[in-house]
Amino acid sequence: MKAKEIKLLNFLRQSPQFMIPVYQRTYSWTERECRQLWDDILRTGKDNQVAAHFVGSVVYIEESVYQVASQPPLLVIDGQQRLTTTMLILEALARHLGDEEPVDGFSARKLRDYYLLNPLEESDRRFKLMLTQTDKASLIALVGQKPLPQEESLRVVENFEFFERLIADLGDEVAPLCLGLAKLMIVDIALSRDQDNPQLIFESMNSTGRELSQADLIRNFVLMGLEPAKQTRLYEDQWRPMELAFGQEAYGTHFDGFMRHYLTLKTGEIPKLANVYEAFKAHARDPQIEQDEIEALVADIRQFASYYCSMALDPNPAGRLGEAFRDLRELRVDVAYPFLLELYHDYCSGDLHEDDFYEAVRLVEAYVFRRAVCSIPTNSLNKTFATFGRHLRKDRYLESIKAHFLLLPSYRRFPQDDEFKRELKLRDVYNFRSRSYWLRRLENHERKERVPTGEYTVEHIMPQNEDLSTRWQTDLGPDWQRVHNEFLHTLGNLTLTGYNSEYSDRPFVEKRDMRGGFKVSPLRLNEGIGTLERWDEQAIRARADKLANLASNVWSAVYLPEERLALYRTLPDRGPTSTFSIADHPNLTPGSKCRPLFDAFRKEVLALNPVVAEEFLKLYVAYKAETNFVDVVPQASRLRLSLNMSFQELHDPRGLARDVTNVGRWGNGDVEVAFSDLEELRYVMALVGQAFERQMGNGESET
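So, here is what we can say about the structure in this document. Residue positions are given per chain, counted from 1 along the sequence in the order it is written. Since the coordinates come from a predicted model, pLDDT governs what is reported: local features require at least 70, and pairs of side-chain atoms require 80 or more to be given and counted, while whole-chain, interface and lining totals use all residues. Excluded from the side-chain calculations are hydrogens and water; all other atoms, namely the structure's heavy atoms, are used.

## Regarding the layout of surface pockets
One water molecule sets the probe size; rolling that probe over the atoms shows where empty space is left.
1) Next: A cavity here means a set of points on a 1 Å grid, drawn over the protein atoms and nothing else, where a 1.4 Å probe fits but cannot get out; a pocket is an open set with protein on both sides within 12 Å along at least five of seven lines, and a residue lines either one if it has an atom within 4 Å of a point. Grid points are joined across faces, edges and corners, and a volume is the space filled by probe spheres set on the points. Counted as a void, the second largest pocket has a volume near 580 Å³.
2) Next: Thr26, Ser28, Gln248, Tyr251 and Gly252 are, among the 26 residues lining the second largest pocket, the residues nearest its centre.
3) Next: Secondary structure elements are defined from DSSP: runs of H or I of at least 4 residues count as helices, runs of E of at least 2 residues count as strands, and each element is numbered from the N terminus. Taken together, the elements giving at least two residues each to the lining of the second largest pocket come down to helix 5 (133-143), helix 6 (154-170), helix 9 (214-224), helix 10 (228-246) and helix 11 (248-267).
4) Next: It is helix 11 that contributes the most residues to the lining of the second largest pocket, six residues altogether.
5) Next: The residue inventory of the lining of the second largest pocket, partitioned by class, reads five nonpolar, nine polar and 12 charged. Classification used: nonpolar for Ala, Val, Leu, Ile, Met, Phe, Trp, Tyr, Cys and Pro, charged for Asp, Glu, Lys and Arg, polar for all others including Gly.

## Overview of the pattern of salt bridges
1) Next: The rule for a salt bridge is simple: a side-chain nitrogen of Lys or Arg has to be within 4 Å of a carboxyl oxygen of Asp or Glu. This model, assessed by the stated rule, comprises 53 salt bridges.
2) Next: Of the charged contacts in the structure, one is a salt bridge between Glu342 and Lys394, with a shortest N-O distance of 2.9 Å. Taken as a pair, Glu342 in helix 15 (residues 337-348) and Lys394 in the loop between helix 17 (381-386) and helix 18 (397-407) lie far apart in primary sequence, 52 residues in all.
3) Next: Throughout, exposure labels follow a simple rule: accessible area from a 1.4 Å probe, protein chains only, divided by the maximum for the residue type, with under 20% read as buried, over 50% as exposed, and the rest as partly exposed. For Lys394, a relative accessible area of 39% gives the class partly exposed.
4) Next: In this structure, Arg370 and Asp417 form a salt bridge, with 2.7 Å as the shortest nitrogen-oxygen distance. Of the two residues, Arg370 sits in helix 16 (residues 354-373) while Asp417 sits in helix 19 (residues 417-426), which places them 47 residues apart along the sequence.
5) Next: What makes Arg370 buried here is its relative accessible area of 0%.

## Some details on the pairing of strand 14 (residues 671-675)
1) Next: Of all five residues in strand 14, four are buried, a share of seventy percent or more.
2) Next: Should DSSP find at least two bridges between two strands, the strands are regarded as paired. Relative to strand 14, strand 12 (residues 639-643) runs antiparallel, the two being bridged by five bridges. Across the sheet, the residue bridging to Leu641 is Val673, located in strand 14.

## As for the packing of helix 22 (residues 480-487) against helix 25 (residues 537-554)
1) Next: To obtain an axis, a line is fitted to C-alpha atoms, over the contacting stretch when the element is a helix, and the angle between two such axes runs from 0 to 180 degrees between their N-to-C directions. At their nearest, the axes of helix 22 and helix 25 sit 11 Å apart, and the two run at 20° to each other. In terms of orientation, helix 22 and helix 25 fall into the roughly parallel class. As helix 22 runs across helix 25, the sense of the crossing is left-handed. Judged by residue contacts, Arg482, Val483, Glu486 and Phe487 of helix 22 engage Glu537, Ile540 and Arg541 from helix 25.
2) Next: Class assignment for the residues of the contact of helix 22 with helix 25 results in three nonpolar, no polar and four charged. Working definition: roughly parallel below 35 degrees, roughly antiparallel above 145 degrees, roughly perpendicular at 65 to 115 degrees, and oblique for all remaining angles. Put simply, a crossing is left-handed when the front helix is turned counterclockwise from the back one by less than a right angle, and right-handed when it is turned clockwise. Any two residues whose heavy atoms approach within 4.5 Å are treated as being in contact.

## Quick word on the sheet that holds strand 1 (residues 2-7)
Backbone-to-backbone hydrogen bonds pair the strands of a sheet. The strands run either parallel or antiparallel.
1) Next: If you walk across this open sheet you meet the six strands as 1-6-3-4-2-5, and the pairing is mixed. The strands lining the two open edges of the sheet, one partner per strand, are strand 1 and strand 5 (129-130).
2) Next: With seven bridges connecting them, strand 3 (residues 53-61) and strand 6 (residues 184-191) associate as parallel partners. Looking at the pairing, Tyr60 lines up with Ala190 of strand 6.

## Things to note about the side chain of Arg412
1) Next: You can see Arg412 is positioned in the loop between helix 18 and helix 19.
2) Next: You can call Arg412 buried: its relative accessible area is 4%.
3) Next: When near neighbours in sequence (up to four residues on either side) are disregarded, Arg412 contacts Tyr367, Arg371, Ser380, Lys383, Thr384, Glu626, Gln695 and Met696.

## Examining a negative patch on the surface
1) Next: Surface patches are drawn from residues lacking salt bridges whose relative accessible area is over 30%; two like charges belong together within 9 Å, two nonpolar side chains (Val, Leu, Ile, Met, Phe, Trp, Tyr) within 5 Å. Reported accessibility uses the Shrake-Rupley method at a 1.4 Å probe radius. Residues are deemed covered only where the shown protein chains occlude them. Working convention for charge: Lys and Arg count positive, Asp and Glu count negative, and His plus the chain ends are omitted. By convention, charge coordinates are those of NZ in Lys, CZ in Arg, CG in Asp, or CD in Glu. The grouping of Asp99, Glu100, Asp172 and Glu173 at the surface amounts to a negative patch.
2) Next: With respect to the helices, strands and loops of the structure, Asp99 is situated in the loop between helix 3 (80-97) and helix 4 (108-116).

## Description of the nonpolar core
The tendency in soluble globular proteins is for nonpolar side chains to be buried side by side.
1) Next: By nonpolar core is meant a set of buried Ala, Val, Leu, Ile, Met, Phe, Trp, Tyr and Cys residues that side-chain atoms within 4.5 Å join together. Among the nonpolar cores identified, the biggest contains 105 residues, and Phe258 and Trp438 are the most heavily contacted of them.
2) Next: The leading source of residues in this core is helix 16, at 12 residues.
3) Next: In this structure Phe258 touches Phe246, Ile301, Phe304, Ala305, Tyr308 and Leu341, once residues within four positions along its chain are discounted.
4) Next: Core analysis: the next-biggest nonpolar cluster, separate from the first, contains 56 residues, Phe11, Leu111, Ile167 and Leu184 among them.

Written out as structure tokens, the structure is:
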């Protein structure tokens with residue numbers, strides 16, 4: 001490695017050409033980073049006391065094997081964003097200056113011949129900077145002053161136009177800009193392919209202003225170590241089509257999430273979003289995946305990426321499957337994608353019939369929506385869907401899906417009709433998330449001629465105004481305030497209309513009979529309202545019953561005959577039934593020193609969640625949801641706890657826990673915590689809570 005400080009413009013002038021390898025990310029700076037660089041340049045140019053301004057490093061491989069030339073291009077592995085942005089500023093400045101030269105060396109001709117172009121070269125070698133794919137064509141068009149390509153790079157073009165506006169605002173006062181550009185300094189870092197490891201260097205760097213995404217790191221890991229010909233082929237045949245499928249904007253915002261879902265499906269573990277790259281490296285280096293199989297791995301990723309794009313990104317989905325995916329997107333059921341990716345793959349492979357696939361997607365939608373309506377905590381959904389595939393019997397595909405939904409434990413349950421309809425009628429659904437979603441689904445259920453509900457607004461039939469008119473008070477009865485408070489935002493009182501402003505707070509009969517009123521409304525949600533004489537508690541309750549029954553069909557419950565469900569019931573082999581009790585633990589007898597500590601601890605653990613169960617065993621006491629998350633060994637004057645999680649996952653700022661991995665002991669897990677003072681209970685429960693949340697599957701993203 002060779003490093004030296006150099007002025008950025010001198011660096012551009014001395015170097016024949018910079019080439020961005022295919023494994024590098026595309027140009028990604030936004031207006032925020034461009035504005036920061038612009039402000040730094042102007043501030044530096046206006047201050048005579050500042051001799052230079054450092055803008056970071058440019059790291060490149062000095063000797064290229066990509067082409068034979070007396071002066072081969074420099075392969076940039078860090079610095080693309082700064083180089084590209086500087087080129088855009090220089091081109092915008094050149095167009096503004098024309099033949100003028102307000103500062104020595106700054107005219108249109110000199111800027112182009114020194115820093116933007118190699119005037120004696122032809123074809124691609126004529127340009128100082130060669131980007132990749134769409135970025136390449138757009139930058140060449142700008143610097144070559146040619147029409148932009150039909151598929152232009154959004155970032156390149158938007159940022160160029162941004163700098164054009166800023167320079168135009170300067171008018172004739174461009175000297176500070178020129179002087180600031182002349183003062184920019186970088187660290188010029190040249191690597192030798194034979195002596196340096198570009199991959200390790202790439203991983204250790206974060207570009208100024210915008211960190212490398214997990215997608216950037218994964219693409220680099222996959223491609224950088226390959227031979228150049230294979231590298232280019234793999235990128236063009238596999239990786240580039242993925243980028244195009246996502247689109248320029250969505251690739252940057254969705255690819256990391258997709259890879260998280262893909263790795264969850266493949267490994268059964270849910271990586272944190274910030275650790276997707278590390279999880280991918282571990283997966284790619286799995287002994288079962290040989291180095292020469294990397295191409296097959298990338299092809300597999302591309303295939304699953306196509307499924308993901310169809311489900312999560314398609315703006316104009318076609319057919320009933322596309323419609324079902326759109327509903328999932330609006331409901332924001334991201335946690336289900338690992339499971340849905342497996343279903344989509346089996347559907348495309350012919351192992352899952354389209355009818356069954358469609359019904360399975362609708363069951364996922366109903367499961368998530370019903371749980372949300374019933375206010376069931378979402379922190380177990382990640383794990384539910386991450387492990388769902390383990391329970392599939394693909395010779396009885398849809399039946400096994402239904403069976404698993406029905407056999408989920410209480411805190412992961414699929415709410416059945418009684419619970420769902422009861423909660424739906426009572427809760428505030430106006431302030432419920434995805435309000436437009438559930439109204440649209442109710443209106444358009446089994447309707448071939450779809451109503452564009454987005455063109456309508458939500459109408460409170462009984463107005464929101466707390467100062468109700470005398471007519472409304474009379475209609476609602478002597479208990480009108482209670483009715484208003486209790487039913488205002490509930491299912492029975494909400495509908496859709498295109499006449500919201502006209503309705504305003506009018507009495508019900510006026511809303512019913514006016515032009516565009518409920519009597520003539522074409523919306524199914526308004527059926528029957530126009531026949532009523534008054535709108536009161538009885539009418540609201542009756543309509544809520546009607547809509548709740550409709551909702552139970554829109555978001556259908558899961559059902560299997562008991563004789564079929566019995567085929568999937570498996571009781572875990574727990575060995576002999578436990579006959580132990582608290583009396584079998586001598587350190588927990590009444591009056592013992594440890595008993596008050598245990599009683600207080602036991603109360604806190606059982607209060608974590610109704611699903612927590614307690615089991616007394618011979619030598620310890622187990623607390624479990626699905627399996628043990630904490631085991632307690634009562635000792636003479638203290639409690640010794642075993643937390644069922646890895647030591648590395650525990651956040652323990654006080655250092656109370658110790659790592660007992662591979663140490664023989666009673667209890668489950670790799671973390672041991674001992675305490676003897678009630679003052680420590682609150683902190684200890686924070687540690688126990690982490691083990692419980694881990695078992696419940698509490699992840700980063702939820703619905």
